[in-house]
Amino acid sequence: MAATTPEKALQAEVKEYQYFQPELIELIASENIYDEDRQQPWEVNDLQKPYLKHVKSLSSSWRHLSLLADFMQVGTTPLRWKDLTLPTGKWSGDKPFNRKERLSRTRMTRLDYHEGSNKPRRKDITTSSELKDTLDDQTKEKSPEKRQFRLFVVEDLSRDVIEMLGAHYDVEPAFFRDQIVDYAWYNTRDRWMDPPRLNVVARKQRWLQIRFATSRYFQDQASFKKGCDQFESFNVYRRVEDDINNTGIWDAAKAIVGLSRTRAAFWIPKAGSHVEGDIGILLVDPTVQTGFPLWHGYRNWEDTPSMEELNGKMPPPGPTRKSFFDDLIYWLEKPEAFGQPPAGCVTPNVHIPIQALLYLVCGEWLTIAEYVQTRLAQVEWEIAFPGHFLNSGETIDAALGKLHIWRRLVPLYHRMLTETLQRVFDFPCHSSPSGMASSPLLQEATKEPGPITALREDFNRLLVSMDEFQQQIDRLTSVVTASISIDDSHRGLRDTTNVTRLTWLATCFIPLSLTASVFSMQEHIASIKYIIGCISWLLFCWCY
């Protein structure tokens, strides 16, 4: 048996890593939602953790919150429990991303917006102890009314961050729970299943969540595998998938474009709560550092400075596009980039987090839409000119496999965009002086669309694009299927021609073979003259 090369082993690992992991069957079975009496091995003492105790007490009546309680006790999704605790686990012991590091992981930025100041005051928080000191100092502030709005931007989640922010601001647990996992669908035994919400109930909640897709270019399979490992290092559960469309003639031989689903969430306190001043919490997912943003990411939407403005100086630095978190902070520190707030808005700075987030999300969606269009156009070229645009050894069947990926993803993207339109533009982004929640994001609320409602048109355009992609995929699937049938017919015709040639060969070969066999039976031909006569008669009948 030939030895497996490292490259082939990596290819098999990457392929299995993405679409089927046999060990997940055992994990899902052990996390059976119907096994209610099982004592979980990660139970911890919650005497010094009031928010965790609060979540655990609620989980008996609000069952979906049990995942948040497990997350806070494990430090990440419970599916990684064995990797964190067993000696053979991926992150056990002193290895990077071990459980102790996950429990205390903290990366956030506090931005304070003050009246009359264009740039907010920024404070980066990188440890849980620093977060505790920040919240304690905030409690001692004597005049919070001078501050218009305070925003916490959090990358990833951890037990310490949830415990401190949740307890200090009495945050609804579902806000954190919705950020933990992202699944397109659930198995019948999944404990992390999130029950659907009634729309009438969802409209009352004081947080919104946006799901969107991101794309990343990996130069080779080793880079892609490294990116997959970085996704597993997140506390929240996310994954990246190979779209299996990287076999086009223009693609690099080993390059992979990875697609992933990600989430962002924004919370504000209830009207009349104990929280003093206007507070907001914005959760975003981490960004892998391996690979590159596809086409180097979104367009810089700021106006380009004129020659007179620069006057020979270097242009101002733009967003790095290396981290969603860093880019979000960049735009949050430049509120003037989003235009003027709606007229009559009591707290205009509350709009800034939604504006910055929607701009970035829309930029990611536009890149995804352009990429889907690119791949579908390549499939069309392969169908029209297979001799030129299919790699050596490939057939038109390969185009059908590429289309199946988009038949699965495009309807999912359509649903994610629909959720964004339903949730974002009905979300009350601040409270009116009377204490009643207003909804300035509604287009009908103002005669002229503000900087947020103006984005509704972009999201509607993306939704229309997904509808068009679905129709295009259906048409291409029919064309590819017909092309495969035509190729099968051509192969059948070629096979028939070969059978005909074989028949003619047999027609010539069988009589000669029979004659040679008869003549080899006797030395004296005269003794078999009757046999020769019969054979001659048979040959005459065979020919005519």
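Residues numbered from 1 in each chain as written. Predicted model: local features only at pLDDT ≥ 70, side-chain atom pairs only at ≥ 80, totals over all residues. Heavy atoms only, no water.

1. As for the packing of aromatic side chains
Thinking step 1. Scanning the entire structure with this criterion turns up 20 aromatic pairs.
Thinking step 2. Measuring from ring centre to ring centre gives 6.4 Å for Trp250 and Trp381, while their planes differ by 75 degrees; the resulting arrangement is edge-to-face. Here the residue Trp250 occupies a position in the loop between strand S5 (240-242) and strand S6 (256-267), and Trp381 occupies one in helix H14 (residues 351-384), the gap between them amounting to 131 residues.
Thinking step 3. On the accessibility criterion, Trp381 (43% relative accessible area) is partly exposed.
Thinking step 4. One aromatic cluster is present, built from ring pairs that chain together Tyr298, Trp301, Tyr330, Trp331 and Tyr359.
Thinking step 5. In this structure, Arg321 packs its charged tip against the face of Tyr298, placed 4.9 Å from the ring centre. (Phe/Tyr/Trp six-rings, centres within 6.5 Å; stacked < 30°, edge-to-face > 60°. Helix = DSSP H or I, 4+ residues; strand = E, 2+ residues; numbered from the N terminus. Buried < 20%, exposed > 50% of the residue type's maximum accessible area, 1.4 Å probe, protein only. Lys NZ or Arg CZ within 6 Å of the ring centre and 35° of its normal.)

2. Topic: the nonpolar core
In summary, soluble globular proteins display a tendency toward joint burial of nonpolar side chains.
Thinking step 1. Of all hydrophobic cores here, the largest spans 69 residues; its most connected members are Leu151, Leu332, Trp365, Trp406, Tyr413 and Phe459.
Thinking step 2. Excluding anything up to four places from it in sequence, Trp365 contacts Arg211, Phe212, Ala213, Tyr413, Met416, Leu417, Phe459, Leu462 and Met466. (Core = buried A, V, L, I, M, F, W, Y, C linked by side-chain atoms within 4.5 Å. Contact = heavy atoms within 4.5 Å.)

3. Quick word on the packing of helix H4 (residues 66-74) against helix H8 (residues 159-169)
The relative placement of two packed helices is expressed as an angle between their axes plus a distance between the axes.
Thinking step 1. Remark: H4 packs on H8, axes separated minimally by 8 Å, with the N-to-C direction vectors making an angle of 120 degrees. Classified by the angle their axes make, H4 and H8 are oblique. The segment H4 lies against H8, with Leu68, Phe71 and Met72 engaging Arg159, Ile162 and Glu163.
Thinking step 2. Looking at the contact of H4 with H8 residue by residue, the classes come out as four nonpolar, no polar and two charged. (Axes fitted to C-alpha atoms, helices over the stretch in contact; angles between N-to-C directions. Parallel < 35°, antiparallel > 145°, perpendicular 65-115°, else oblique. Nonpolar A, V, L, I, M, F, W, Y, C, P; charged D, E, K, R; others polar.)

4. Here's the deal with the pattern of salt bridges
Thinking step 1. Under the criterion given, the structure shown has 26 salt bridges.
Thinking step 2. Two residues, Arg107 and Glu155, come together in a salt bridge whose shortest N-O distance is 3.0 Å. Pair noted here: Arg107 is in the loop between helix H6 (99-104) and strand S1 (108-114) and Glu155 is in strand S3 (residues 147-155), with a separation of 48 residues, a long-range link.
Thinking step 3. You can call Arg107 partly exposed: its relative accessible area is 32%.
Thinking step 4. For Asp326, the salt bridge identified is with Arg107, shortest N-O distance 2.8 Å. (Salt bridge = Lys/Arg side-chain N within 4 Å of Asp/Glu carboxyl O.)

5. Comments concerning the confidence of the model for the protein chain
Thinking step 1. Chain-level pLDDT for the protein chain is 81 on average; 74% of the residues reach the 70-or-more range.
Thinking step 2. Note that pLDDT drops below 50 for residues 430-447; the model gives that stretch 40 contacts with residues more than four away or on any other chain. (pLDDT = per-residue confidence, 0-100.)

6. With respect to the packing of helix H13 (residues 324-332) against H14
Thinking step 1. Contact geometry of H13 with H14 gives a least axis separation of 9 Å together with a crossing angle of 135 degrees. The orientation of H13 relative to H14 falls into the category oblique. As for how H13 packs across H14, the hand of that crossing is right-handed. Here Phe324, Asp327, Leu328, Trp331 and Leu332 of H13 lie close against H14, whose contacting residues are Ile352, Pro353, Ala356, Leu357, Leu360 and Glu364.
Thinking step 2. Taken together, the residues of the contact of H13 with H14 sort by class into nine nonpolar, no polar and two charged. (Left-handed = near helix turned anticlockwise from the far one by under 90°.)

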